[in-house]
Amino acid sequence: MLHYKGELVELLLERYQNATARLRLPKAALPQPGQYLQAHSEHPDEILPVSLFAAGDAEAIRNSEDILLPVAGDLPAYWQPGLELHLRGPLGRGFELPQEIQRLALVALDAHPGRLLPLMAAALERGCAVSLFAEGDVAELPLDVEIRPLAALPEALRWADFLALDLPHQRQEDLPAILGLAPGDPLPAGEALVLALMPCGGSADCGVCAIETAKGAQLCCADGPVFPLQILLE
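Remember, predicted model here, so these are calculated numbers, not experimental data.

Conventions used here
- Residues numbered from 1 in each chain as written.
- Predicted model: local features only at pLDDT ≥ 70, side-chain atom pairs only at ≥ 80, totals over all residues.
- Heavy atoms only, no water.
- Phe/Tyr/Trp six-rings, centres within 6.5 Å; stacked < 30°, edge-to-face > 60°.
- Helix = DSSP H or I, 4+ residues; strand = E, 2+ residues; numbered from the N terminus.
- Buried < 20%, exposed > 50% of the residue type's maximum accessible area, 1.4 Å probe, protein only.
- Pairing = 2+ DSSP bridges.
- Axes fitted to C-alpha atoms, helices over the stretch in contact; angles between N-to-C directions.
- Salt bridge = Lys/Arg side-chain N within 4 Å of Asp/Glu carboxyl O.
- Contact = heavy atoms within 4.5 Å.

Now for the packing of aromatic side chains. Going through the model one piece at a time under the given rule, you end up with 1 aromatic pair. Arranged with centres 5.9 Å apart and planes meeting at 40 degrees, the rings of Tyr 36 and Phe 53 form a pair that is tilted. Of this pair, Tyr 36 sits in strand β3 (residues 36–40) while Phe 53 sits in strand β4 (residues 50–54); the two residues are 17 residues apart in sequence, bridging distant segments of the chain. Given a relative accessible area of 0%, Tyr 36 falls into the buried group. Note on Phe 53: relative accessible area 4%, which makes it buried.

Let us now look at the sheet that holds strand β11 (residues 162–168). An order of β10-β9-β8-β11-β12-β15 is seen for the 6 strands of this open sheet, with the pairing classed as mixed. With partners counted over all chains shown, the strands left at the sheet margins are β10 (145–148) and β15 (226–228), one partner each. Sheet twist, expressed as the average angle between the axes of neighbouring strands with direction ignored, equals 20 degrees. The sheet contact formed by β11 and strand β12 (residues 190–195) spans 6 bridges and is parallel. For Asp 166, the partnering residue across the bridge sits in β12 and is Leu 193.

This part covers the pattern of salt bridges. The tally for this structure, following the rule as stated, stands at 7 salt bridges. When the shortest N-O distance is used, the salt bridge between Arg 93 and Glu 96 registers 3.9 Å. Within the structure, one salt-bridge network assembled from shared partners comprises Glu 10, Arg 22 and Glu 59.

Along the chain, the position of Gln 35 falls in the loop between β2 (21–26) and β3. Apart from residues no more than four positions distant in its own chain, Gln 35 is found in contact with Leu 52, Phe 53, Pro 90, Leu 91, Gly 92, Arg 93 and Gly 94.

Shown next, in the form of structure tokens:
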């Protein structure tokens, strides 16, 4: 397992932001869309690491091997700019877009779509048409991306050839209704990032992040956090 040092460069507090903070880290530590980093500081009150997901494109730093990365995660209140962080990762299974897809629907069922933004950039670079289904304020996105309300999500199943979801684990049981699926309907192609507490980051099989799938109980930290939609819906 690879370990790195990073620096918390900036906190992003405005409510329209899709990221929590901006992090300086080595290029080798860059997580793929849907993967995560475990981060911790040396603060005496800190017990568990924080899971951080990329929430935008990495920026090069002139004359440096490091990069700046917007990240999403539940940061402790005592984390402030300039704080040195110990990083472990990248961890977990990320999104894997099939080469042949042409129309991608991104679905943010959490408060913001930040964890889906790196996938959006990858899809646009490949020439895919992209629609984002979300509620609430969304930071400025490329003009090529259509923003739709979640109420229009059932239409996405007829338009998109692949769905990518940001899914809080508490809403997994509601997924068929959210997608507008009736019993017997064909299952859509796609993947979901199942967001759960992952305190051990796959190092202890503690079971806190276990979810039920068609393959039995699986761990978000190690088997995911990105899972095929089929095993979440069957």
